[in-house]
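# Summary of structural features
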Amino acid sequence: MSEYLKEQLKLAVENFLSKSQIPGAAVAVYVNSQAFLELGIGYQNLSHTVLLPTDANFYIYSITKSLLATVSLYLVNQGLLTLDTSLQPYTPFLDTPITLRQLLSHTSGLPEYGELPIYFASVKANPASPWSTQEFLEIIQKQGLQFPPGQGWKYSNIGYLVLRCVLEKITGLSIQQLLEKVIFNPLGLQKTFLPQSLDDVYQLTPGYSNFFHQDELQDISQIYHPGWVAHSVVISTAPELAKIIDALFTGKIIPPDLVEQMLSPVHIFGEYPPLKLAGYGLGLALDVESPYGKMGGHNGGGPGYSTAAFHFSKLANSRVTVVALLNRDKHDHGLLLVDKIAQVFQEFVVDGLG
């Protein structure tokens, strides 16, 4: 049954890629904390001549937020941070006190650079030369708070940049060192890291986008600097990212009560296909009415790649983690592929199809 299911999952991914005109995807599925499926499907290149390896390196984009949130709650567990105490001593550049909970849940009121035309113009004009941390933080001064902290919800990459600054000030470690200490090294990861420059990304799998040239797809892997993601962006593989997400949700990195805090919705959006009732907790996107039990994780997107990594507490009566990393930047297609994999898993295990 398991080999047949693996074949059905592979077929489903191949069909998804074909319909979506995406060259390839690396996928990984963990079932009850055991690797069930790790597979590169499709191709690295647009001419479909070079197969995509299982351990291909991808920018995971905003899934990085879930890792930063995990590190934050690790420090809460260590007594170095609290969720609801003002972070003013660590954020002198802010006029209004904010808390860790507000940063993690996007309720701080801090602005979002992704809505600013000047940001996209700057990326297009100088893809290899990102703004400095100070230039990103100046957006706060120019835009101001969008609402009083705790009185609204707005997705904010700037908020997670502020979080990174807080984590580094409290510990005296760089965010790379913190991620290594809390997540990467304990899990024995070999290919997951936080790049600092274009020299660090030479092993990225090609990622295709028409962001820089509207009329043609272009491999951006060696021209888009990781520093354009203000809070930093992790590079990982599908198998290693699945190992991280599964370890998080099974209490191997932080205690289960703090995982539950991450999974508690702070804001509910409503239906957001394929999510039945989308919400956001502490560094986790949620489906509050998922038919597969508690569902939490994150999706990501940026030039060249669409990604998603989610954990289901009761998919086909099992704890299942699904990761999908795609080498083209089509909106939410990582999330859509995770949902498709979950559907096939449910149908063939519980409903007995085939």
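Okay, so let's go over this structure. Keep in mind that what you see is a predicted model, and the values were worked out from it rather than measured.

## Some words on the overall build of the chain
Within the chain one finds ten helices and twelve strands. Its C-alpha atoms put the chain at 60 × 45 × 40 Å along the principal axes. The 354 residues of the chain split such that 57% are buried. For the chain, the share of sequence-separated contacts (at least 6 apart) that also reach a separation of at least 24 residues comes to 65%. Per element, the accessible surface of the chain, about 14200 Å² overall, is 49% carbon and sulfur. Separation between the mean location of the 21 positive side-chain charges and that of the 30 negative ones in the chain comes to 3 Å.

## Some points on the packing of helix α2 (residues 63-77) against helix α6 (residues 157-171)
Where α2 contacts α6, the two axes come as close as 11 Å, and the packing angle between them is 35°. Helix-helix and strand crossings are classified by hand; for α2 and α6 the assignment is left-handed. For the pair α2 and α6, contact is made by K65, L68, A69, V71, S72 and L75 and by N157, Y160, L163, L167 and T171, respectively. Grouping the amino acids of the contact of α2 with α6 by side-chain chemistry returns seven nonpolar, three polar and one charged.

## Regarding helix α5 (residues 133-143)
Those residues of α5 that sit buried are F136, L137, I139 and I140. Buried residues of α5 fall within an arc of 125° about the axis and therefore sit on the same side. Directly after α5, the chain includes G144, whose backbone phi takes a positive value near 75°.

## Considerations on the packing of aromatic side chains
The description of an aromatic ring pair uses the distance of the two centres, along with the angle that the planes make with each other. All told, the structure shown has 22 aromatic pairs when counted by the stated rule. Measuring from centroid to centroid gives 5.9 Å for Y59 and Y305, while their planes differ by 85°, and the two rings are edge-to-face. Separated by 246 residues along the polypeptide, Y59 in strand β3 (residues 58-59) and Y305 in strand β11 (residues 305-315) bring together distant segments of the chain. Here Y59 and Y305 have matching classes, each one buried. Measuring from ring centre to ring centre gives 5.7 Å for Y119 and W131, while their planes differ by 75°; the resulting arrangement is edge-to-face.

## Quick word on the pattern of salt bridges
Any two side chains of opposite charge can pair, on the condition that their charged atoms come close. By the definition in use, this model includes seven salt bridges. Put simply, K154 and E115 hold a salt bridge, and the shortest N to O gap is 3.0 Å. Of this pair, K154 sits in the loop between α5 and α6 while E115 is found in the loop between α3 (100-105) and α4 (117-125), placing the two residues 39 residues apart along the sequence. Classification of E115 by relative accessible area gives exposed; the value is 52%.

## What about the sheet that holds strand β2 (residues 34-42)?
With antiparallel pairing, the eight strands of this open sheet are ordered in space as β2-β1-β12-β11-β10-β9-β8-β7. The open sheet is flanked by β2 and β7 (267-272), the only strands paired with a single partner. With strand direction ignored, the average angle separating the axes of adjacent strands in the sheet is 20°. Of the pairings in the sheet, the one linking strand β10 (residues 295-302) to β11 comprises eight bridges and is antiparallel in character. Pairing of M295 across the sheet is with F312, part of β11. Where helix α1 (residues 2-20) meets the sheet, it contacts β1 (24-31), β2 and β12 (318-326), and its direction lies at approximately 35° from that of β2. Helix α8 (residues 238-249) contacts β1, β2, β10, β11 and β12 of the sheet and is inclined by roughly 35° relative to β1.

Cut-offs applied
Residues numbered from 1 in each chain as written. Predicted model: local features only at pLDDT ≥ 70, side-chain atom pairs only at ≥ 80, totals over all residues. Heavy atoms only, no water. Helix = DSSP H or I, 4+ residues; strand = E, 2+ residues; numbered from the N terminus. Buried < 20%, exposed > 50% of the residue type's maximum accessible area, 1.4 Å probe, protein only. Contact = heavy atoms within 4.5 Å. Areas by Shrake-Rupley, 256 points an atom, 1.4 Å probe, with all protein chains shown as cover. Lys, Arg positive; Asp, Glu negative; His and termini not counted. Charge placed at Lys NZ, Arg CZ, Asp CG, Glu CD. Axes fitted to C-alpha atoms, helices over the stretch in contact; angles between N-to-C directions. Left-handed = near helix turned anticlockwise from the far one by under 90°. Nonpolar A, V, L, I, M, F, W, Y, C, P; charged D, E, K, R; others polar. Arc of directions from axis to C-beta. Phe/Tyr/Trp six-rings, centres within 6.5 Å; stacked < 30°, edge-to-face > 60°. Salt bridge = Lys/Arg side-chain N within 4 Å of Asp/Glu carboxyl O. Pairing = 2+ DSSP bridges.

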